[in-house]
Amino acid sequence: DAKTTQPNSMESNEEEPVHLPCNHSTISGTDYIHWYRQLPSQGPEYVIHGLTSNVNNRMASLAIAEDRKSSTLILHRATLRDAAVYYCILRDRTGAQKLVFGQGTRLTINP
Amino acid sequence: SQTIHQWPATLVQPVGSPLSLECTVEGTSNPNLYWYRQAAGRGLQLLFYSVGIGQISSEVPQNLSASRPQDRQFILSSKKLLLSDSGFYLCAWKSRYPHPDTQYFGPGTRLTVL
C-alpha cells in the first residue's frame, strides 16, 4: 500500500487560510490523491481529489507537488465548521478498490 | 440523488448478545458497499466490502460477519458481541462521481458493548 504521512494536529484561526500538508513519497504514477474530512460524530465526506494538476472546488483547493511526493489541502478562509479530521488518501491498488484511511490531521479552528 | 441510510443510530448491547446493523442505499444500482469501524479516538478500519449480491470480502478476521441479501442492502452481524466491538460503525458506497473511487458514507451507528 502506498502510505501517506500527515501531522497529527493543526490549529488555525477563523477566517484565515489553512494549509494541510500530506507526504506520499511512495506514490505510483497513476495513484490519485484523495482528501476526505470527518466532522465530529459524522462519517467522512469527500473533499477533493487530484492526479497531477492543482485542483479547485467549492470546498477547497489541492496543490500537488511537481514530483507528486507531497500535496497540500488549502482551505482559503476557515470557519468554525471546518473543524474536523482531514484524511489524505491514496487509492489502494491491491485489487479491493478500497481507500485506506490513516490517522489524519485534526484541525482546530479558533474563533 | 443517492442517499445512504443506517440504523440504528445508537445501540447499547451487553457482552455476548447478538448484533445486526443495517445499511441501505437509494438512487443507485449495484454499488460497491463497505463496512468500517472506528474505535474511540482512532482511524477508520475497513471490515468488509461487497461488489455484488452475496459477494463479501473480509478485511480483518474477527467475530463479525456481513451479508448482502439485496443489491442495495448491506448487513453487519455478530452472534456474540465482545467489549472490543464497541465503536462507531460506518457504511459507505462507492460512486463513479466525481471519481471512480469516491466513497459516500452513511450517518453511522454508535455501538457500546457493556
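Whatever comes next refers back to the structure up there.
Here is a short report on the structure shown in this document.

What counts and what doesn't
Residues numbered from 1 in each chain as written. Chains lettered and ligands numbered in written order. Predicted model: local features only at pLDDT ≥ 70, side-chain atom pairs only at ≥ 80, totals over all residues. Heavy atoms only, no water. Disulfide = S-S within 2.5 Å. Helix = DSSP H or I, 4+ residues; strand = E, 2+ residues; numbered from the N terminus. Buried < 20%, exposed > 50% of the residue type's maximum accessible area, 1.4 Å probe, protein only. Pairing = 2+ DSSP bridges. Contact = heavy atoms within 4.5 Å. Buried area = accessible area lost by both parts, 1.4 Å probe. Salt bridge = Lys/Arg side-chain N within 4 Å of Asp/Glu carboxyl O. Polar contact = N/O pair within 3.5 Å; in protein donor to acceptor, adjacent residues only side chain to side chain. Nonpolar A, V, L, I, M, F, W, Y, C, P; charged D, E, K, R; others polar. Phe/Tyr/Trp six-rings, centres within 6.5 Å; stacked < 30°, edge-to-face > 60°. Lys NZ or Arg CZ within 6 Å of the ring centre and 35° of its normal.

1. Focus on the state of the cysteines
Next up, step 1: With the rule as written, the count across this model stands at two disulfides over all chains.
Next up, step 2: Through a disulfide, C22 of chain A is tied to C88 of chain A; the S-S separation comes to 2.1 Å. Here the S-S torsion is close to -80°, and the disulfide linking C22 of chain A with C88 of chain A is therefore left-handed. Highlighted residues: C22 of chain A in strand 2 (residues 18-23) and C88 of chain A in strand 8 (residues 84-90), separated in sequence by 66 residues.
Next up, step 3: The class for C22 of chain A is buried, based on a relative accessible area of 1%.
Next up, step 4: When its relative accessible area of 0% is taken as the criterion, C88 of chain A is described as buried.
Next up, step 5: Note on cysteine connectivity: C23 of chain B is disulfide-linked to C91 of chain B, with sulfurs 2.0 Å apart. Taking the sign of the torsion about the S-S bond as the criterion, the disulfide between C23 of chain B and C91 of chain B, at about -70°, is left-handed. Residue C23 of chain B is located in strand 3 (residues 19-26), and its partner C91 of chain B is located in strand 9 (residues 87-95); the two are separated by 68 residues in the primary sequence. A single burial state applies to C23 of chain B and to C91 of chain B, both of which are buried.

2. A closer look at the pairing of strand 7 (residues 70-75) of chain A
All names here are of chain A.
Next up, step 1: As judged from the six bridges shared by strand 2 and strand 7, these two strands associate in the antiparallel manner. Bridge assignment links V18 to a residue of strand 7, and that residue is L75.
Next up, step 2: Pairing geometry for strand 6 (residues 61-64) and strand 7, over four bridges, is antiparallel. Among the inter-strand pairings, S61 is bridged to a residue of strand 7, identified as I74.

3. A short note on the interface of chain B and chain A
Next up, step 1: Listed as interface residues are 23 residues of chain B and, on the opposing side, 19 residues of chain A.
Next up, step 2: A buried area of about 1700 Å², summed over both sides, lies between chain B and chain A, and 52% of it is on carbon and sulfur atoms.
Next up, step 3: D101 of chain B serves as the salt-bridge partner of R91 of chain A, at 2.8 Å between the closest nitrogen and oxygen.
Next up, step 4: Between chain B and chain A we count four residue pairs in polar contact (both at pLDDT 80 or more) in total.
Next up, step 5: Of all the secondary-structure elements, those providing two or more residues to the side of chain B that touches chain A are strand 4 (33-38), strand 5 (44-52), strand 9 and strand 10 (102-105) of chain B.
Next up, step 6: The residue inventory of the side of chain B that touches chain A, partitioned by class, reads 10 nonpolar, eight polar and five charged.

4. Observations concerning the sheet that holds strand 5 (residues 55-56) of chain A
All names here are of chain A.
Next up, step 1: On the basis of which strands lie adjacent, the open sheet formed by four strands has the order 2-7-6-5 and antiparallel pairing. Every other strand in the sheet has two partners, leaving strand 2 and strand 5 as the edge strands with one partner each.
Next up, step 2: Sheet topology places strand 5 next to strand 6; two bridges connect them, and they run antiparallel. Directly across from V55, in strand 6, lies its bridge partner L62.

5. Focus: the packing of aromatic side chains
Next up, step 1: Applying the stated criterion across every chain, the model contains 11 aromatic pairs over all chains.
Next up, step 2: Between Y36 of chain A and Y46 of chain A the ring centres are 6.0 Å apart and the planes differ by 85°, which places this aromatic pair in the edge-to-face class. Linking Y36 of chain A in strand 3 (residues 33-38) with Y46 of chain A in strand 4 (residues 45-50), this pair joins segments that are 10 residues apart in sequence.
Next up, step 3: Among the aromatic side chains, those forming a connected cluster through ring pairs are Y36, Y46, Y87 and F101 of chain A together with Y34, Y36, Y49 and F105 of chain B.
Next up, step 4: A cation over a ring is seen here: R110 of chain B above F88 of chain B, with NZ or CZ 4.3 Å from the ring centre.

6. Topic: the environment of T105 of chain A
Residues and elements named next belong to chain A.
Next up, step 1: Among the secondary structure elements, T105 is positioned in strand 9 (residues 105-110).
Next up, step 2: On the accessibility criterion, T105 (1% relative accessible area) is buried.
Next up, step 3: Contacts of T105, omitting those with residues within four sequence positions, involve Q6, P7, N8, S9, M10, L20, A84, V85 and Y86.
Next up, step 4: One polar contact links the side chain of T105 to the main-chain carbonyl oxygen of P7, over a distance of 2.6 Å.

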